[in-house]
Amino acid sequence: MSRLWLKLIRDLRAYRVQAIGIAVVTMLGISMYHSFYLSYRSMGESYEWGYANLRLADFTIQLDQAPRQTVDRLAAVPGVWQITGRISRDVRVEQAPGRRKVVTGRVISVPDQGELQINRLMLLEGNYLGPPDAREVLLERGFARAHDYRPGDVIYPIVGNLRQAFRVAGIVSSIEYLYVVRSKENLFPTPESFGVMWMRRRQVERLFNMHGLVNEIVCMTAEGTRDRVMSAMYADLRRFGAMPPVPQEEQPSRQVLQQDLDGLAQFAVIFPSLFIGAAALTVLSILSRTVERERRQIGFLRASGLPAWRVGLQYLAFAGLMGIVGTIPGVLLGQWFAIGITRIYLTELGIPFLRLASGVTVALIGVLVTLTTSLVAGWRPAREASRMSPAEAMRSGASASMRHPPRIVARLLRGASFTTSVALNSLFRQTHRTVYTIFGVASGLVLMITTMFMMDALGHSIGYYFDSVRNYDVDVGFAAPVSSSVVQQVLRWPEVEWAEGNVGIPVTLQHGKDVDDFVITGVPAGSRLQTFRDEQGWPVPLIGNGIYPANSTARSMDIERGDVLKLQYAYNSRDLRLESPVKVTKTVRQPIGAGIYMSAEALQRQFGSRLGFPPGTIGGMVIKAKPGYHQAVAARAYDLPGAIMVETTYDMRAEVDRSMTMNYIFIGILMIFAGALTVAIVYNTINSNVQERRAEIASLRALGVTMREITRMVTVENLASTLLGILVGVPAGLAGARGLVELWQTESFSIDFYISPRTFIISIVFTLVLVVVCQIPALRSIASMNLAQMTRLHGE
Amino acid sequence: MGKTAVSCQDLQKHYEMGEVIVKALRGATFDVPEGSLVVLLGPSGSGKTTLLNIIGGLDTPTSGTVFVDGQEVSKLVEPELTQYRRGKVGFIFQFFNLVPTLTAEENVALVGELAGNADEAADLLERVGLGERLEYYPAELSGGEQQRVAIARALIKRPYLLLGDEPTGNLDYETGLMVLQLIRDVSDESDLTVLMVTHNAAIGQMADIVISLRSGHVEDIRQNESPLPPSELRW
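Everything quoted here is computed from the prediction, not taken from an experiment.

**Q** Looking at this structure, I do not really get the overall build of chain A. What am I missing?
**A** A tally of regular secondary structure across chain A gives 25 helices and 21 strands. Counting over 796 residues, chain A shows a buried share of 58%. Once local pairs closer than 6 in sequence are excluded, the contacts in chain A between residues at least 24 apart make up 82%.

And the structure:
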């Protein structure tokens, strides 16, 4: 091996503390990238495997109702591979006589013979459905788990005030309801109050008196024909009140999972980039210091005829090696984390199949990115080394970074103690040291603030939604419009503090090329329980004939105040056709879920008479219960005539918190990574700060300066440059958080930009304490060093 | 005396230090015959290190010419200068500039590799009296031993010209004498041209030629008919 390469390896050993520091930083960065990106790909592959093998429908069309023969006719449409007509209806479910927990069950029909061929079910417990006459039901696992149903238990759907009894044959997981949500307006699964169950067709027809009818079509098509088939079927089915088809990618469960995946993909790129960027800064800082320290050696090697490019290569290789050392443990750690994260995630969602993506490509990309980043970071110091004039490099005491402190500093320091004055002057004299410390501290702060911000913002957004936007305890939905007098009736209940009616119509909104389906919720004027604010926090009363989209909805539709959209009733048919332009009055702040709001009066005035909910009727109701009575009110609400859905805010919040668990786990992992990385960066920086002063400190000690005074001097300088780092790091962290919040917005989330003061306090105090602690090992080693030897080597 | 090893004609070197122009050399002219040991003598700031750096190809003159072994060094630019240093010049510095993470033998072999003579490292260390210290790191060697490693390192390239910048400046008297003896021996045994910079007038007594510098001028060139052996030098 050439002596130059030998020198490289020995240098790595000599600078092992720094090398280990960089290896740790790199390891954290690459393991985070590897674990998150591999989890993202594994989950994506698992879902895709599920969608393909369990045959998630290419599209679904809901309709009022149509004869079953229609399905046979549609099967002949060219391109149709498989088609099923089914009945899907929501019913009220009682779990057992006397148990008043309120639940909505979605009943879906299964062919009388055999199993589902589209949107297949996976049997997790018990048995599949028996013959058509058996009064049996399969329950979705989340719902079964929430209510502790086991095979053999009995469940009681209530149709037309009649309680029916069905035996639970088995517990299943459905590819269509991997994420059990009612609709895209309700993207949080609430298994406490909503569940899905499957019955033989004959039973469902009897239950709903829908003999020979279907109200939903699910279809799979030959490759490349979907859109054509979908359009043809929609055109055909409009006379049966068909709603616009829902293609697979817009299917609510798949959409939510995809949003989750997209979020994970962003996590997988943004944070590791931050981490690897921080590692690069550390490489830059350490290598620059190494080059500075080895000026004489570089000068000599150049004087001996070593070409400039070879000197540069030496330091570039040093940077590359420092970067690469951490990649192997990083990849291994990342692989382990990835399997864990994917497994936890899939288990949490109840997805029983795991397809672990190949980690080879992910690892290679990670190694390549890390290596490239290290080399880019090492480029500048390596170039400096190669461009060093040998004569200049060997000149005693030569240093490019020595400066004079500004005069004002000298004046300010007049009267300060010797140690303080030396320490603070050093900030300006050793600018490279000050700059590296500022970079190191700022990088650590950016990492801590951005990760802690996510926790703050999520908590704040959820809190705002439940405390301000959704200021009610119970949400009631009626199967058909009812008289608004029911509100007066509910207001008389002793457990109720306030109640308000509302109305909703399903519509299709078009803005330019963007078309999407929504339910417009009409909220009464002066509502106490549904209050809205704009982005600036000002109250927004719902007035006039315009609509008020939630900010996430406005973003996904690319609409803003003043835009005019085309509104169509979702169930437009030959007999009933409703189309109208509608203006966006203002967007309203709503962190969770999509939504479009309007004045109830205006909604009823414009569309109510034609759609069967004229003024004086309501389609739903929200209720504020007296403290401690929300479950009692919910139970009573189910007894209201026509009530089909009762949901408590308490349950929903619990479910939101539960579904946020994964987010919190991710953020928690990120915070641990960020904390560890900050420790590594600050340790590297501060340790280098002290180590590069060994000779200087040795001289001071030889002159009789005590270790106590030296410690004070070093601490004052480090803390002063840390404060400068804080001044840079806090705004940089804020900017990072602001950038992150932009990336974090989805169709169902509109996260607030909020950072708690606690975050600033924790990250700043943590950094200051860390700086003081990190200098201890280096100071101890200096305290124990051989003064004679150190002073002898001084100048080399 | 035979062929001229080094020839400097009207060498000038100006540095810009902010708005001030420092004239380090103001027209130095002299010749050095091959195989001679020359001492460049002068006080601090006289331009002797600048002159050595220019002759060694570490720096370039503002004007004037330098020929070494018939090659016009003053015309060279990088990477020709690198090739020149690699092939023709060996350096010894006041601060030994050893690589602290390499052993004595490895330090010598490191430079030997540049010339393709790495195998001779141990022999050379033996020759400078460090045969027992091959595996020692610089921190484990005394100042004199470190400088002897530096001499071995300079010699391994079999240079045409050996340049020493205050090679005893960082050594005590006894060790300094030992190093000077080594340089004298090397010069005599290999018929090597040696240029050594010092501010110590006593060292001039061991030289074949003493070139005195003052304020960038060559003040005096003195031929030493009977150089003293280094062991007889006193300061």
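That covers the picture; the talk isn't over yet.
**Q** What's the story with the overall build of chain B in this structure? I'm lost.
**A** On a plain count of helices and strands, chain B comes out with six helices and ten strands. In chain B, which comprises 235 residues, the proportion classed as buried is 57%. Restricting the contact set of chain B to residue pairs at least 6 apart, pairs at least 24 apart contribute 71%. When the accessible surface of chain B is split by element, carbon and sulfur atoms take 47% of a total near 9,500 Å².

**Q** I would appreciate a short explanation of unusual backbone geometry in the present structure.
**A** Leaving glycine out, the prevailing phi sign among residues is negative, and the prevailing peptide bond configuration is trans. Residue B:Glu78 is joined to B:Pro79 through a cis peptide bond whose omega torsion reads 5°. In this structure, B:Pro79 sits in the loop between strand S5 (71-72) and helix H2 (80-88). Phi at A:Asp558 is positive, roughly 55°, even though this residue is not glycine. Relative to the helices and strands, A:Asp558 resides in the loop between helix H17 (551-557) and strand S17 (564-569). Of the residues examined, A:Asp558 reaches a relative accessible area of 55% and is grouped as exposed. Within the chain, B:Asp10 stands out as a residue other than glycine whose phi angle is a positive 50°. Mapped onto the elements, B:Asp10 comes out in strand S1 (residues 4-17).

**Q** Just to check I follow, could you spell out the interface of chain A and chain B for this structure?
**A** Bring the parts together and some accessible area is lost; that lost area is often taken as the interface size. Taken residue by residue, the interface counts 30 residues in chain A and 31 residues in chain B. Carbon and sulfur atoms supply 58% of the area buried between chain A and chain B, which totals about 2,500 Å² over both sides. By the criterion of area lost to chain B, the three top residues of chain A are A:Arg3, A:Arg10 and A:Phe300, representing 25% of everything that side buries. When the shortest N-O distance is used, the salt bridge between A:Arg10 and B:Glu106 registers 2.5 Å. Where chain A packs against chain B, one counts ten residue pairs in polar contact (both at pLDDT 80 or more). Of all the elements in the fold, those that place two or more residues in the side of chain A that touches chain B are helix H1 (3-14), helix H8 (295-303), helix H12 (390-393) and helix H25 (787-793) of chain A. For the side of chain A that touches chain B, the leading source of residues is H1(A), giving eight residues. In the side of chain A that touches chain B, the residues fall into 13 nonpolar, eight polar and nine charged.

**Q** Please explain the pattern of salt bridges as it appears in this structure.
**A** The tally for this structure, following the rule as stated, stands at 38 salt bridges over all chains. Close ionic contact of A:Arg92 with A:Asp639 constitutes a salt bridge, the shortest N to O distance being 3.1 Å. Taken together, the residues span a long stretch of sequence, with A:Arg92 in strand S3 (residues 88-94) and A:Asp639 in the loop between helix H19 (630-637) and strand S21 (643-648) at a distance of 547 residues. We classify A:Asp639 as partly exposed; its relative accessible area is 46%. A salt bridge links B:Asp208 to B:Arg184; the shortest N-O distance between them is 3.5 Å. Here B:Asp208 is found in the loop between strand S8 (193-198) and strand S9 (209-214), whereas its partner B:Arg184 is found in helix H6 (residues 173-190), with 24 residues between them in sequence. Residue classification places B:Asp208 among the buried positions, given a relative accessible area of 13%. The class of B:Arg184 is buried, set by a relative accessible area of 10%. The structure contains a network of salt bridges with shared partners spanning B:Lys3, B:Glu34, B:Asp69 and B:Lys88.

**Q** Just to check I follow, could you spell out the nonpolar core for this structure?
**A** Note that soluble globular proteins tend to have their nonpolar side chains buried in a common cluster. Residues B:Val6, B:Leu51, B:Ile55, B:Val68, B:Leu125, B:Leu161 and B:Leu195 are the most contacted members of the largest nonpolar core, which totals 77 residues. With residues up to four places along the chain from it excluded, the contact list for B:Leu125 reads B:Ala104, B:Glu105, B:Val108, B:Leu130, B:Gly131, B:Leu134, B:Val149 and B:Ala152. Ranked by size, the runner-up nonpolar core spans 66 residues in total, among them A:Met122, A:Phe267, A:Phe673 and A:Ile755.

**Q** What is the right way to look at the packing of aromatic side chains in this model?
**A** Each pair of aromatic rings is reported with the distance of its centres and the angle of its planes. All names here are of chain A. In the structure shown here, the tally under the stated rule is eleven aromatic pairs over all chains. Ring geometry for Phe 453 and Phe 753: centres 5.7 Å apart, planes at 40°, overall tilted. On the criterion of sequence distance, the pair formed by Phe 453 in helix H15 (residues 431-469) and Phe 753 in the loop between helix H23 (707-744) and helix H24 (757-783) is long-range, its members being 300 residues apart. Since its relative accessible area comes to 28%, Phe 753 is described here as partly exposed. By way of ring pairs, the aromatic residues Tyr 33, Tyr 37 and Tyr 40 are connected into one cluster. Between the NZ or CZ atom of Arg 528 and the centre of the ring of Trp 498, over which it lies, the distance is 3.6 Å.

**Q** Where do I start with helix H18 (residues 600-611) of chain A in this structure?
**A** Residues separated by three or four positions in an α-helix point in the same direction, a consequence of the helix having 3.6 residues per turn. Residue and element names in this part refer to chain A. If you check H18, its first and last C-alpha atoms are just 14 Å apart, much less than what twelve residues at 1.5 Å a residue would give, namely 16 Å. Every buried residue belonging to H18 is among Ala 600, Ala 602, Leu 603, Gln 604, Phe 607, Gly 608 and Leu 611, and all of these are buried. In this fold, the buried residues of H18 make contact with strand S14 (496-511), strand S15 (514-523), S17, strand S18 (579-583), strand S19 (596-599) and strand S20 (617-625). Backbone geometry just after H18 places Gly 612 at a positive phi near 85°.

**Q** Looking at this structure, I do not really get a nonpolar patch on the surface. What am I missing?
**A** On the surface, a nonpolar cluster with roughly 560 Å² of combined accessible area is contributed by A:Met1, A:Trp5, A:Ile9, A:Trp309 and A:Leu313. Here A:Leu313 is to be found in helix H9 (residues 308-325).

**Q** Help me out: how do you make sense of the pairing of strand S7 (residues 161-165) of chain B in this one?
**A** Along any regular strand the residues' side chains alternate between the sheet's two faces. All names here are of chain B. With five of its five residues buried, S7 lies for the most part within the structure. Here S7 shows no split at all, with Leu 161, Leu 163 and Asp 165 on one side and Leu 162 and Gly 164 on the other all buried. Bridging between strand S6 (residues 89-93) and S7 involves five bridges; their strand directions are parallel. Bridged to Ile 92 within S7 is Gly 164. Direction of pairing for S7 relative to S8: parallel, over a ladder of five bridges. From the neighbouring strand, Asp 165 faces S8, where its bridge partner is Val 197.

**Q** Could you clarify how one ought to interpret the sheet that holds S7(B) in this entry?
**A** Sheet strands pair by backbone hydrogen bonding; their relative direction is either parallel or antiparallel. Residues and elements named next belong to chain B. With respect to topology, six strands assemble into an open sheet ordered S6-S7-S8-S3-S9-S10, the strand pairing being mixed. Edge positions in the open sheet fall to S6 and strand S10 (217-223), since each of these has one partner strand only. Along the sheet, successive strands turn relative to each other by an average axial angle of 15°, direction set aside. Seen against the sheet, helix H5 (residues 143-155) touches S6 and S7 and runs at an angle of roughly 170° to S6.

**Q** Just checking my understanding: could you explain helix H10 (residues 327-349) of chain A for this structure?
**A** Across its 23 residues, H10(A) extends 32 Å between first and last C-alpha, which sits within 8% of the 33 Å expected from 1.5 Å per residue. Every buried residue belonging to H10(A) is among A:Thr327, A:Gly330, A:Val331, A:Gly334, A:Ala338, A:Ile341, A:Thr342, A:Tyr345, A:Leu346 and A:Leu349, and all of these are buried.

**Q** What is the right way to read the sheet that holds strand S1 (residues 59-67) of chain A from this model?
**A** All names here are of chain A. The strand order S2-S11-S1-S12 describes an open sheet built from four strands, whose pairing is antiparallel. At either margin of the open sheet sits one strand with a lone partner, and together these are strand S2 (80-86) and strand S12 (246-247). Contacts between helix H6 (residues 226-237) and the sheet are confined to S1, S2, strand S11 (213-221) and S12, with S1 contributing the most and set at about 20° to the helix.

**Q** Help me understand the confidence of the model for chain B, please; the structure alone is not making it clear to me.
**A** When pLDDT drops low, the exact placement of atoms in the prediction is not to be read closely. Residues with a pLDDT of 70 or more make up 100% of chain B, whose mean pLDDT is 88. Both scores are given for the predicted complex: the pTM is 0.70, the ipTM 0.80.

**Q** I tried to follow the pairing of strand S7 (residues 154-159) of chain A on my own but got confused; where do I start?
**A** All names here are of chain A. Of all six residues making up S7, five are buried, and the element is well covered by its neighbours. Both S3 and S7 contribute to a ladder of three bridges, which runs antiparallel. Bridging across to S7, Arg 92 finds its partner in Ile 158. Sheet topology places S7 next to strand S9 (residues 166-174); two bridges connect them, and they run antiparallel. Across the sheet, the residue bridging to Ile 155 is Phe 166, located in S9. As paired elements, S7 and strand S8 (residues 162-163) share two bridges and run antiparallel to each other. Of the residues in S8, the one forming a bridge with Ile 158 is Arg 163. Between S7 and the antiparallel strand that follows it, S8, lie two residues; Gly 160 among them carries a positive phi value of about 60°.

**Q** Explanation requested: the side chain of B:Glu166 in the structure shown.
**A** All names here are of chain B. Within the fold, Glu 166 resides in the loop between S7 and H6. We note that Glu 166 is buried and unpaired, the nearest opposite charge coming from Lys 48 at a distance of 4.2 Å. Polar side-chain contacts of Glu 166 include one of 2.9 Å to the side chain of His 199. If near-sequence neighbours (up to four positions away) are discounted, Glu 166 is found in contact with Lys 48, Gln 94, Val 197, Thr 198 and His 199.

Conventions used here
- Residues numbered from 1 in each chain as written.
- Chains lettered and ligands numbered in written order.
- Predicted model: local features only at pLDDT ≥ 70, side-chain atom pairs only at ≥ 80, totals over all residues.
- Heavy atoms only, no water.
- Helix = DSSP H or I, 4+ residues; strand = E, 2+ residues; numbered from the N terminus.
- Buried < 20%, exposed > 50% of the residue type's maximum accessible area, 1.4 Å probe, protein only.
- Contact = heavy atoms within 4.5 Å.
- Areas by Shrake-Rupley, 256 points an atom, 1.4 Å probe, with all protein chains shown as cover.
- Buried area = accessible area lost by both parts, 1.4 Å probe.
- Salt bridge = Lys/Arg side-chain N within 4 Å of Asp/Glu carboxyl O.
- Polar contact = N/O pair within 3.5 Å; in protein donor to acceptor, adjacent residues only side chain to side chain.
- Nonpolar A, V, L, I, M, F, W, Y, C, P; charged D, E, K, R; others polar.
- Core = buried A, V, L, I, M, F, W, Y, C linked by side-chain atoms within 4.5 Å.
- Phe/Tyr/Trp six-rings, centres within 6.5 Å; stacked < 30°, edge-to-face > 60°.
- Lys NZ or Arg CZ within 6 Å of the ring centre and 35° of its normal.
- Expected span 1.5 Å × (residues − 1).
- Patch = residues over 30% accessible without salt bridge, like charges linked within 9 Å, V, L, I, M, F, W, Y side chains within 5 Å.
- Pairing = 2+ DSSP bridges.
- Axes fitted to C-alpha atoms, helices over the stretch in contact; angles between N-to-C directions.
- pLDDT = per-residue confidence, 0-100.
- Lys, Arg positive; Asp, Glu negative; His and termini not counted.

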